[in-house]
Amino acid sequence: MRCFGDLGRLEREGIRVERLLGGYGIITVPETLIPLVAAMPEIEYVEKPNRLFFAADRGRAASCTASVQTGPDGLTGKGVLVGVIDSGIDYSHPDFRNEDGTTRILELWDQSLGRVFTREEIDQALEEKERERSPSAPGQTSLRQERSSPVPSVDVSGHGTAVAGIAAGNGRASGGRYRGLAYESGILAVKLGSRGEGAFPWTTELMRALDYSVRRAENFGMPLAVNLSFGNTYGSHDGTSLLETYLNTVSGYGRTSVIVGTGNEGAGNGHASGRVSAGEESRVELAVGSFETGFGIQLWKSYTDEFSVSLMAPSGRIIGPVKPDPGTQRLADQNTEILLYHGFPSPYSQAQEIYFELIPRRDYVDSGVWQVLIRGERVVTGRYDLWLPPSLAVNTSTRFLRPDPEITLTLPSTASMAVSVGAYDSSYRSYADFSGRGYTRLTEQVKPDLAAPGVGITAPRAGGGYGTFTGTSFAAPFVTGAVALLMEWGIVRGNDPYLYGEKLKAYLRRGAVRSGAETVWPNRELGYGMLCVGDSLPDQPRNRGS
């Protein structure tokens, strides 16, 4: 929510209020009371939270870091704080420890445990692990031992461990071969909480994590580069959701830069778009696979346009047209119940959403080809866009039959202040087709800002050793590490105390490599080009590809 003034009235009613930076906050309230709370004069705007999804060696050389890391004055990230908001971190991995075995992690907030662990507590836990380590299996620690540790935080998926290693690992377990970019930076780790066993985190957890990270960086007196390697497809994709405006706000506090991956929906067949004129009907075909347990369909349009919208079920029955009434409407056909929500503009966006939720009456929704029928009534622009949930959340056979691969960025990478990062294959110097493509809807902001290696990346693996990872999740931390190096050069070493935020983004864009088959720059796949740290430093000699 966005709010102002005294919120004591909410607290007196027993509503939990968490105040965040910039006039934002999180309230925990029964759903039946949301209309009452939203009508209070202290509340500017509220949005319900949405789930987040993790977007799951040549890369280091391709990012041309050697030229800035060699010699006695080489950049290492020292004095800069790298924030990793993710699935957690394997704090016992050698790549996050100093030569004497102590931790490089300044703090670890495990939201699922509701605890913040200090550097001293992590060091104590590491000492105990060393005593308990089995001589027959060096370097291995059981999950049972982890949970009985003074720091029982575990990165179950390993996603956050790999991300942190690319941005800031020191490569100790590989003799420096798989060293991250900012290998002497401090690390601030947040393990996002989730709702229910095995569930994904929600946007509210991310907002809390961003607030915490910015405040802790201020407390430590360090510039902050925050990595976000996850997102969702829910929203108008124009940068106006509460999460995105909040990201923009916290980017203005302290010396902060937020780096976000653009997601892996570029080839996911989850976006369709088109135009319709007055008196004309457009049909969007959607294949729904067998054993689909339910999903949502978003339709976004300009509020100035008036459309008549219906669904055609696989049975051939036309459901609708839906009425533009507030609240939830209930429709049905055979084994599928349809909840429909007709949205309205917000104080921050002129876009309008029509949302369909397909829910099985028994086990699964009806499979086959569904159609969204869009008829223009009073039309000014006629543009419409539809999105499905992320490809990880639906069956692979659930997809639009005529998809549009553009505007497949996941939120919050559409936030204007984010450094949005796509992925390319550094082996072939070519765009990775899974990488979310720009630009933003209607506003046409250039996103991604740039691309980084995201195919076959070697990175630390939770539990020890290294693994190979692919996705924009693992492209974003290359840029996060690069940002930490630039911040060290500018802020820590005094060459440019204002090298953060939009200024830093401008340097990254300027230094990006623009080569290969692409002839138009910026473009929707790679933005302004491919990450080149050496050429992103101001007044440095041009040294492409080193």
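Our structure is the block above this text.
Rules and cut-offs
Residues numbered from 1 in each chain as written. Predicted model: local features only at pLDDT ≥ 70, side-chain atom pairs only at ≥ 80, totals over all residues. Heavy atoms only, no water. Pairing = 2+ DSSP bridges. Helix = DSSP H or I, 4+ residues; strand = E, 2+ residues; numbered from the N terminus. Axes fitted to C-alpha atoms, helices over the stretch in contact; angles between N-to-C directions. Parallel < 35°, antiparallel > 145°, perpendicular 65-115°, else oblique. Left-handed = near helix turned anticlockwise from the far one by under 90°. Contact = heavy atoms within 4.5 Å. Nonpolar A, V, L, I, M, F, W, Y, C, P; charged D, E, K, R; others polar. Salt bridge = Lys/Arg side-chain N within 4 Å of Asp/Glu carboxyl O. Phe/Tyr/Trp six-rings, centres within 6.5 Å; stacked < 30°, edge-to-face > 60°. Lys NZ or Arg CZ within 6 Å of the ring centre and 35° of its normal.

Novice: Kindly report on the sheet that holds strand β14 (residues 281–288), identifying the contributing residues and their values.
Specialist: Spatially, β17-β16-β21-β14-β23 is the arrangement adopted by the five strands of the open sheet, whose pairing is antiparallel. The sheet terminates laterally at β17 (318–319) and β23 (399–400), the two strands that pair on one side only. Bridge count between strand β16 (residues 306–312) and β17: two bridges; the pairing is antiparallel. Bridge pairing in β17 links M312 to I318.

Novice: Please provide a residue-by-residue account of the packing of helix α10 (residues 476–492) against helix α11 (residues 501–511), values included.
Specialist: At a closest axis distance of 11 Å, the pairing of α10 and α11 adopts a crossing angle of 110°. One finds that α10 runs roughly perpendicular with respect to α11. In this structure, the crossing between α10 and α11 has a hand that is right-handed. Contact residues: V479, V483, L486 and M487 in α10; L504, Y507 and L508 in α11. Classifying every residue of the contact of α10 with α11 gives seven nonpolar, no polar and no charged.

Novice: Break down the pattern of salt bridges for me, citing the residues and quoting the values.
Specialist: Inspection of every chain in the model, using the stated rule, returns 22 salt bridges. R283 is the salt-bridge partner of E281, the closest N and O atoms lying 3.2 Å from each other.

Novice: Account for the packing of aromatic side chains, naming residues and giving values.
Specialist: Across all of its chains, the model carries seven aromatic pairs by this definition. Here the aromatic rings of Y234 and Y355 are separated by 6.1 Å at their centres, their planes lie at 85°, and the arrangement is edge-to-face. Of the two residues, Y234 sits in the loop between β11 (230–231) and α9 (242–250) while Y355 sits in strand β20 (residues 351–360), which places them 121 residues apart along the sequence. Over the ring of F220 we find R216, and its NZ or CZ is 5.0 Å from the ring centre. Between K301 and the ring centre of F307, over which it is positioned, the NZ or CZ distance is 5.3 Å.

Novice: An account of the pairing of strand β21 (residues 368–378) is requested, with residue identities and associated values reported.
Specialist: Taken together, the eight bridges between β14 and β21 define a ladder with antiparallel strand orientation. By the bridge assignment, V284 is partnered in β21 with V372. Relative to β21, β16 is paired through seven bridges, and the arrangement is antiparallel. Bridge pairing links S308 to R375 in β21.

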